[in-house]
Amino acid sequence: MIDPTGAAGWISAGKSGLDLLRAAWTLMPKGAEKDRIARKLEEAELALELSNAKLAKELGFRLCQCRFPPLPMLWDNARRAFVCQNAACGRLDAVEKPPGARGARRRARA
Ligand SMILES: [Zn+2]
């Protein structure tokens, strides 16, 4: 079983590391080496997004397939729906019962 707290820290650390590399990359002089590193950075970002999507799925999050790698849909309590994180998509999956409400089910008939 994956610890979601640890997973969130792992995702954040991975993203921070790549952001740092990207910042360092912008300072490099133009040339073949800079282009090569740019491709490696893109590969690393794709790998991180893929692992994030896989982790989100394992943790029970819905995935929106509007792009690849897919983005996890996050719960928005105000709208009572799962929302895609891609602003260009904006998919809303409204549900009657929020996540974690399974145990609170009541029977209509006594
Ligand atoms: Zn979407």
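Residues numbered from 1 in each chain as written. Predicted model: local features only at pLDDT ≥ 70, side-chain atom pairs only at ≥ 80, totals over all residues.

A. Molecular detail of the pairing of strand 2 (residues 71-76). Sheet topology note: the strand 1 (residues 62-64)/strand 2 ladder contains three bridges and is antiparallel. Counterpart to Cys64 in the pairing with strand 2 is Leu71. From the end of strand 1 to the start of strand 2, which pair antiparallel, there are six residues. Of the strand pairs in this sheet, strand 2 and strand 3 (residues 81-84) are connected by four bridges, and their pairing is antiparallel. Across the sheet, Leu74 pairs through a bridge with Val83, a residue of strand 3. (Pairing = 2+ DSSP bridges. Helix = DSSP H or I, 4+ residues; strand = E, 2+ residues; numbered from the N terminus.)

B. Quick peek at the confidence of the model for the protein chain. Of all residues in the protein chain, 81% have pLDDT values of 70 or greater, and the mean over the chain is 84. Per-residue pLDDT, averaged within each element of the protein chain, yields its smallest value for helix 1 (residues 4-26) (81) and its largest for strand 1 (95). (pLDDT = per-residue confidence, 0-100.)

C. Spatial organisation of the sheet that holds strand 4 (residues 92-94). Strand order in the open sheet formed by four strands is 1-2-3-4, and the pairing between neighbours is antiparallel. The open sheet is flanked by strand 1 and strand 4, the only strands paired with a single partner. Each strand axis lies, on average, 35 degrees off the axis of its neighbour in the sheet, ignoring direction. (Axes fitted to C-alpha atoms, helices over the stretch in contact; angles between N-to-C directions.)

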